[in-house]
Amino acid sequence: QVQLVESGGGSAQAGGSLRLSCAASGRTFSNCAMGWFRQAPGKERKFVAAVSWNGGRTVYGDSVKGRFTISRDNPKNAVYLQMNSLKPEDTAVYYCAGDWSTAPPSPLISEYDYWGQGTQVTVSS
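Right, let's walk through the structure included here. If you're wondering where the values come from, they're calculated on a predicted model, not measured in any experiment.

Section: the pairing of strand 8 (residues 78-83)
Each regular strand shows side chains that alternate between the opposite faces of the sheet.
Argument step 1. Burial of strand 8 is extensive: 5 of the 6 residues sit out of reach of the surface.
Argument step 2. Bridge count between strand 3 (residues 18-25) and strand 8: 6 bridges; the pairing is antiparallel. By the bridge assignment for strand 8, Arg19 is matched with Gln82.
Argument step 3. One ladder, built from 6 bridges, connects strand 7 (residues 68-73) with strand 8; its direction is antiparallel. Counterpart to Asp73 in the pairing with strand 8 is Ala78.
Argument step 4. Taking the residues between adjacent antiparallel strands as the criterion, strand 7 and strand 8 are bridged by 4 residues, where Asn77 takes a positive phi near 55 degrees.

Next comes the structure, spelled out in C-alpha cells:
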C-alpha cells in the first residue's frame, strides 16, 4: 500500500521561505512522477508543481514560477518543494501526489494515483 507523508509546513512571513518534504513508501518510487498541489479554504485544489521520475523534467503552475522549486531524491524516496518569496496568497494545505502511470509530469489532478494527507502552510503579511 502506497503512503505519502508530507512535512515541513508551518507559518512564515511574506517574503520568507519554507521547504516541504514528502516521504513515499509502499511502491517503487523511481517509477513515478510526483506532484504538489494546494487547496485554500473554500477553493478548489490547484496544481503547484510536478517532477518526472528522474528529476529531469519539471512543470510549474503560473502563480509559483520563479519562486518555488520541486526536486526529488530517489534513494531517499522523497520529493521536496522549496518555497521562496512567499506571499499571503500561498496560504493553503499542500498535498503531494504520485503518478505511477509512466506519463510525463502532469498538472492534472486526475492523473495522480495516490495522495498524502496534506500539510498546512500559512503566510502572513
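Re the sheet that holds strand 7
Argument step 1. Here 4 strands make up an open sheet; going across it, the order is 1-3-8-7 and the pairing antiparallel. What marks the edges here is a single partner per strand, and that holds for strand 1 (3-7) and strand 7. Here the strands of the sheet are splayed against their neighbours by 15 degrees on average, with no regard to which way each runs.

Here we look at the pairing of strand 1
Argument step 1. What you see with strand 1 is a clean split: Leu4 and Glu6 sit on the buried side and Gln3, Val5 and Ser7 on the side with no burial.
Argument step 2. Two elements, strand 1 and strand 3, share 5 bridges in a ladder whose sense is antiparallel. In the strand pairing of strand 3, Leu4 is matched with Ala24.

A look at the state of the cysteines
Argument step 1. Counted according to the given criterion, the structure contains 1 disulfide.
Argument step 2. A disulfide bridge connects Cys22 with Cys96, and the sulfur atoms are separated by 2.0 Å. Disulfide Cys22 to Cys96: torsion about the S-S bond roughly 45 degrees, handedness right-handed. On the criterion of sequence distance, the pair formed by Cys22 in strand 3 and Cys96 in strand 9 (residues 92-99) is long-range, its members being 74 residues apart.
Argument step 3. The buried category is assigned to Cys22, whose relative accessible area is 1%.

Here's the deal with the packing of aromatic side chains
Argument step 1. Within this structure, the stated rule accounts for 5 aromatic pairs.
Argument step 2. Taking 5.2 Å as the distance between ring centres and 80 degrees as the angle between the ring planes, the aromatic pair formed by Phe37 and Tyr112 counts as edge-to-face. With Phe37 in strand 4 (residues 33-39) and Tyr112 in the loop between strand 9 and strand 10 (114-115), this pair connects stretches of sequence that are 75 residues apart.
Argument step 3. With relative accessibility at 0%, the residue Phe37 sits in the buried group.

Calculation notes
- Residues numbered from 1 in each chain as written.
- Predicted model: local features only at pLDDT ≥ 70, side-chain atom pairs only at ≥ 80, totals over all residues.
- Heavy atoms only, no water.
- Buried < 20%, exposed > 50% of the residue type's maximum accessible area, 1.4 Å probe, protein only.
- Helix = DSSP H or I, 4+ residues; strand = E, 2+ residues; numbered from the N terminus.
- Pairing = 2+ DSSP bridges.
- Axes fitted to C-alpha atoms, helices over the stretch in contact; angles between N-to-C directions.
- Disulfide = S-S within 2.5 Å.
- Phe/Tyr/Trp six-rings, centres within 6.5 Å; stacked < 30°, edge-to-face > 60°.

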